[in-house]
Amino acid sequence: MKNGIAFALLALIGQHALFCQDPHKAITSRQSGKSHYLIRTIVFYNLENLFDTRNDSLTLDDDRTPEGRDHWTGPRLNQKLLHLSQTLAEIGTDMKANPPDIIGVCEVENEGLLRTLIQQPALRPFPYEVIHFDSPDPRGIDVGLLFREDRFFPEESKSVRLLLYDEAGVRKYTRDQLIVLGYLDTDFIGILVNHWPSRGGGPIRSREHRKAAALLQRHLIDSLMYRYPEIKIISMGDFNDDPKDASLGILKGKSWEKEQSLNRELYNPLMKAYRRGLGTLAYRDRWNLFDQILFSGAWRGKATEGYRFWKAGIFQADYLKTPSGRYQGYPFRTYAGGLYQGGYSDHFPVFAYVIRPAGARTN
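Note that the structure is predicted; figures quoted are calculated from it, not measured.

## Describing the overall build of the protein chain
In terms of helices and strands, the protein chain carries 7 helices and 19 strands. Relative to its full complement of 363 residues, the protein chain shows a buried share of 54%. When the accessible surface of the protein chain is summed, it comes to about 16,500 Å², and 51% of that surface belongs to carbon and sulfur atoms.

## Here we look at the pairing of strand E3 (residues 102–108)
A regular strand carries its side chains on alternate faces of the sheet. When you tally the buried positions in E3, you get 7 out of 7 residues, the bulk of the element. Here E3 pairs with strand E5 (residues 142–148) via 6 bridges, running antiparallel. Paired with Val-105 across the strands is Gly-144, a residue of E5.

## Structural notes on the side chain of Thr-334
Tracing the backbone through its elements, the reader meets Thr-334 in the loop between strand E16 (308–314) and strand E17 (335–336). Polar contacts involving the side chain of Thr-334 include one to the side chain of Lys-80, which spans 2.8 Å. Contacts of Thr-334, omitting those with residues within four sequence positions, involve Glu-48, Trp-72, Lys-80, Leu-339, Tyr-340, Gln-341, Gly-342, Gly-343 and Tyr-344.

## A few points about helix H4 (residues 203–227)
One turn of an α-helix holds 3.6 residues; hence residues three or four places apart share an orientation. With 25 residues, H4 ought to run about 36 Å at 1.5 Å a step, and its terminal C-alpha atoms sit 35 Å apart, in line with that. Along H4, the helix axis deviates most sharply at His-209, where the bend reaches about 25°.

## Brief notes about helix H2 (residues 74–90)
Taking 1.5 Å of rise per residue, 17 residues should cover 24 Å, and H2 covers 25 Å from first to last C-alpha, within 8% of that figure. Regarding H2, the residues found buried are Leu-77, Lys-80, Leu-81, His-83, Leu-84, Ser-85, Thr-87, Leu-88 and Ala-89. Phi turns positive one or two residues past the end of H2, at Gly-92, with a value near 105°.

## Some details on the environment of Ala-213
Within the secondary structure, Ala-213 sits in helix H4. Expressed as a C-alpha distance, the spacing of Ala-213 and Gln-177, which sit 36 residues apart in the sequence, is 8.6 Å. When neighbours within four sequence positions are excluded, Ala-213 is seen to be in contact with Leu-162, Gln-177, Trp-196 and Pro-197.

## Considerations on the confidence of the model for the protein chain
In this model, the protein chain carries a mean pLDDT of 87, and residues with pLDDT of at least 70 account for 85%. The model gives residues 1–28 a pLDDT under 50, and that stretch makes 66 contacts with residues more than four places away or in other chains. The low-confidence segment residues 255–260, where pLDDT is below 50, has 8 contacts with residues more than four positions distant or belonging to other chains.

## Points about the pattern of salt bridges
Summed over all chains, the structure comprises 23 salt bridges. One salt bridge in this structure joins Glu-48 and Lys-80, with 3.3 Å as the shortest N-O distance. With Glu-48 in strand E2 (residues 35–50) and Lys-80 in helix H2, this residue pair connects regions lying 32 residues apart in the sequence. Note on Lys-80: relative accessible area 2%, which makes it buried.

## Brief notes about the nonpolar core
In terms of nonpolar packing, the biggest core is built from 70 residues, with Leu-47, Ile-102, Leu-117, Leu-145, Met-236 and Trp-299 touching the most fellow members. Broken down by element, this core gets its largest block of residues, 9 residues, from E2. If near-sequence neighbours (up to four positions away) are discounted, Ile-102 is found in contact with Thr-41, Ile-42, Val-43, Leu-145, Leu-146, Phe-152, Leu-184, Ile-189, Ile-191 and Met-236. Of all hydrophobic cores here, the second largest spans 24 residues; its members include Leu-164, Leu-181, Ile-221 and Ile-233.

## Let's talk about empty space enclosed by the protein
In this structure, the second largest cavity spans a volume of roughly 40 Å³. Lining the second largest cavity are Phe-133, Ser-135, Asp-142, Val-143, Ser-159, Asp-176 and Leu-178. Here the residues of the lining of the second largest cavity are counted per class, giving 3 nonpolar, 2 polar and 2 charged.

## Re the sheet that holds strand E9 (residues 177–184)
Spatially, E6-E9-E10-E11-E15-E12 is the arrangement adopted by the 6 strands of the open sheet, whose pairing is mixed. For this open sheet the edge positions go to strand E6 (152–160) and strand E12 (266–267), each flanked by a neighbour on one side alone. Alignment of strand E11 (residues 232–238) against strand E15 (residues 291–296), held across 5 bridges, turns out to be antiparallel. Within the sheet, the bridge partner assigned to Gly-237 lies in E15 and is Gln-292. Strand contacts of H4: E6, E9, strand E10 (187–195), E11, E12 and E15, with the helix running at about 30° to E9, the strand carrying the most contacts.

## Description of a positive patch on the surface
On the surface, Lys-252, Lys-272, Arg-275, Arg-276 and Arg-300 cluster together into a patch of positive charge. Its location among the elements puts Arg-300 in the loop between E15 and E16. Judged by its relative accessible area of 52%, Arg-300 falls in the exposed class.

How each quantity is defined
Residues numbered from 1 in each chain as written. Predicted model: local features only at pLDDT ≥ 70, side-chain atom pairs only at ≥ 80, totals over all residues. Heavy atoms only, no water. Helix = DSSP H or I, 4+ residues; strand = E, 2+ residues; numbered from the N terminus. Buried < 20%, exposed > 50% of the residue type's maximum accessible area, 1.4 Å probe, protein only. Areas by Shrake-Rupley, 256 points an atom, 1.4 Å probe, with all protein chains shown as cover. Pairing = 2+ DSSP bridges. Polar contact = N/O pair within 3.5 Å; in protein donor to acceptor, adjacent residues only side chain to side chain. Contact = heavy atoms within 4.5 Å. Expected span 1.5 Å × (residues − 1). Bend = angle between axes of the 7 residues up to and from the residue. pLDDT = per-residue confidence, 0-100. Salt bridge = Lys/Arg side-chain N within 4 Å of Asp/Glu carboxyl O. Core = buried A, V, L, I, M, F, W, Y, C linked by side-chain atoms within 4.5 Å. 1 Å grid on protein atoms, 1.4 Å probe; cavity = no way out; pocket = protein on both sides within 12 Å on 5 of 7 lines; lining within 4 Å. Points joined across faces, edges and corners; volume = space filled by probe spheres on them. Nonpolar A, V, L, I, M, F, W, Y, C, P; charged D, E, K, R; others polar. Axes fitted to C-alpha atoms, helices over the stretch in contact; angles between N-to-C directions. Patch = residues over 30% accessible without salt bridge, like charges linked within 9 Å, V, L, I, M, F, W, Y side chains within 5 Å. Lys, Arg positive; Asp, Glu negative; His and termini not counted. Charge placed at Lys NZ, Arg CZ, Asp CG, Glu CD.

In structure tokens:
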């Protein structure tokens, strides 16, 4: 175990196959020739306005109440929780794996909702736990992390504030960036979960705010790498920008000294999907790929060095798609045009697999 894991530096920044019958043994594997590999599944999912039904006087959540514009009632919330949990439980099953090991989420109002989510029938059999901090977003929506306690062992977590101001110097409140340090089995990793400022007012007008978010995220990553040179880092989130946009270019970063450059460079495995015209959400007849999972260079190491990145994709099960009409094939939303649809989310989830030889020690 790492000793003395601290966030002194981050605090300064913050102020500006085989399926085992016993799932707890976690020996899901795939076969490649004569080799067997353990698989761990990483997911990010925008939960699309997952609010409870109570009116919080400190946030702008009035629409998502029974008396509000959306008529957000207990039965509607329960159906959404059921839908989201069933979706998460299915990701990874194509590899004969259990439900995901690490799940980053955004657009959730509070920790209680995440705890209710992991108690849904599809997820309840598995030992999930929650990390969540309240952020200053005006609507009260936050990022969070769900994780399997038998697979991931957190040591430290911190929520880091992004300070934004408009042209007149007025503070613009947005979501915090979440950092979690811990062990994926025996691999020491850092997970950063993001929901960058929206494109409200247009992508050009708002892009400086996402550049600021990217600079903060890059700074946090560099700080972790400076403190723990061998750490494996995952940066995931709804970045509200596509892989080709300037903010993601900032996040990728430039090389340090030659021997350090491999780890500092962030690899975006969904770039190929984006170049093929695929996306996680659609707007005005155009697909965007705002939801991404990026890996530091240490994930591309040798198989003998613990887990390494294998592959990634967009989870697009048919039930997640609008079944008919003008928006057929788009993500099946909870609301569309102000009308209740009873769908899942306006985003598709994204996933990635990391693997290591099945004979390696895990915990």
